[in-house]
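Chain and residue survey
The chain contents come next:
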Amino acid sequence: MADALPTRSALVSRVLPFSCVDGPGNRLVLFLQGCNFRCPGCHNPHTIGLCDDCGDCLAVCPSGALSLDEGRPGERKVRWQAALCTDCDACLDACPRSANPKTATMTVVEVLALLRRYGPLLSGITVSGGEATTQLPFVVALFSAIKGSPDLAHLSCLLDSNGSLAETGWQRLLPVLDGAMLDLKGWRDSVHHSLTGYGRERVLASLQLLARHCKLTELRLLHVPGKSDFLDERGELEADLTAFLQQLGPVPIRLNGFRHHGVRGAATQWPEASQTELEQLASRLRAAGLGPISLPALMR
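Only a predicted model underlies this, so the values are computations on that prediction, with no experimental measurement involved.

This paragraph deals with the domain arrangement of the chain. For the chain, the domain assignment lists domain 1 (9-46 + 108-294) and domain 2 (52-94). For domain 1 and domain 2, the distance between their C-alpha centroids amounts to 31 Å.

We describe a pair of aromatic rings using the distance from one ring centre to the other and the angle between the two ring planes. One pass over the structure, following the stated rule, counts four aromatic pairs. The interplanar angle of 75 degrees and the centroid separation of 5.1 Å between the aromatic rings of Phe18 and Tyr118 together place this pair among those described as edge-to-face. Note that Phe18 is positioned in strand 1 (residues 9-19) and Tyr118 in helix 2 (residues 108-118), a separation of 100 residues in sequence. Given the relative accessible area of 35%, Phe18 is considered partly exposed. With a centroid separation of 5.3 Å and 55 degrees between ring planes, the pair formed by Phe258 and Trp270 is classed as tilted. Of this pair, Phe258 sits in the loop between strand 10 (253-257) and helix 8 (275-287) while Trp270 sits in the loop between strand 10 and helix 8, placing them 12 residues apart in sequence. For Trp270, a relative accessible area of 12% corresponds to the buried category.

Definitions and cut-offs
- Residues numbered from 1 in each chain as written.
- Predicted model: local features only at pLDDT ≥ 70, side-chain atom pairs only at ≥ 80, totals over all residues.
- Heavy atoms only, no water.
- Domains from an automatic or database assignment.
- Phe/Tyr/Trp six-rings, centres within 6.5 Å; stacked < 30°, edge-to-face > 60°.
- Helix = DSSP H or I, 4+ residues; strand = E, 2+ residues; numbered from the N terminus.
- Buried < 20%, exposed > 50% of the residue type's maximum accessible area, 1.4 Å probe, protein only.

Put into structure tokens, the structure is as follows:
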């Protein structure tokens, strides 16, 4: 199968060898670079854009880990030397494109090698982002290779996504996907668009499709005080939202409260969500027979 070619590659922003918050168990997490959403409250804005090698980041790098390779006439490329990098992230703050000059191109074979290195300690792999489905051929190839490898087939393959993938894309992924965790950041289309720069139609369709195939591992609702619209003016769950969530079936729901960590621009002035607000939303969801519901472990 073409998608299973071991040479298929992706632009990777970060690899986290062990995580217990990106799906059940202990997981290796692959953060892919690039996102089609433009969420003003994004906590990882440096994963949104793609580097255009402008070189603005070089001047702010204190360790000389970044350099500009001029190459052939008219060609230039920002190079990153991991051995010199102190992970101060000054380059991320300086980038005008919300990109990351510290990305790496990884093949399926290279990711499989990491899984074999850490395999005895892992429950599975989660591919996140950015938005992982913007590099769908790689994700399909990687999950296919894992399922086809006797020594790795026990690892579960999960996707952390904004839900914007079209049905044809999901159909390619479903045969090798164990589950997906999707965000719903606003209920009304206008609110969803203001919080993501994107309409809600594809997201709702993705939720329904994954629920039908029993592969909706978790639905995540983001509460932004003064902007979210999951509750009506009386503090009750919106009736049409309730009906939509109920028809998805018994899907785990995780509530995320907006925080300032990593946020840039106007969203730094948004109020942070409180524990009380999240508990109110959780109680309304439970009263509607939804869940199980989980809240952030730590809130200030």
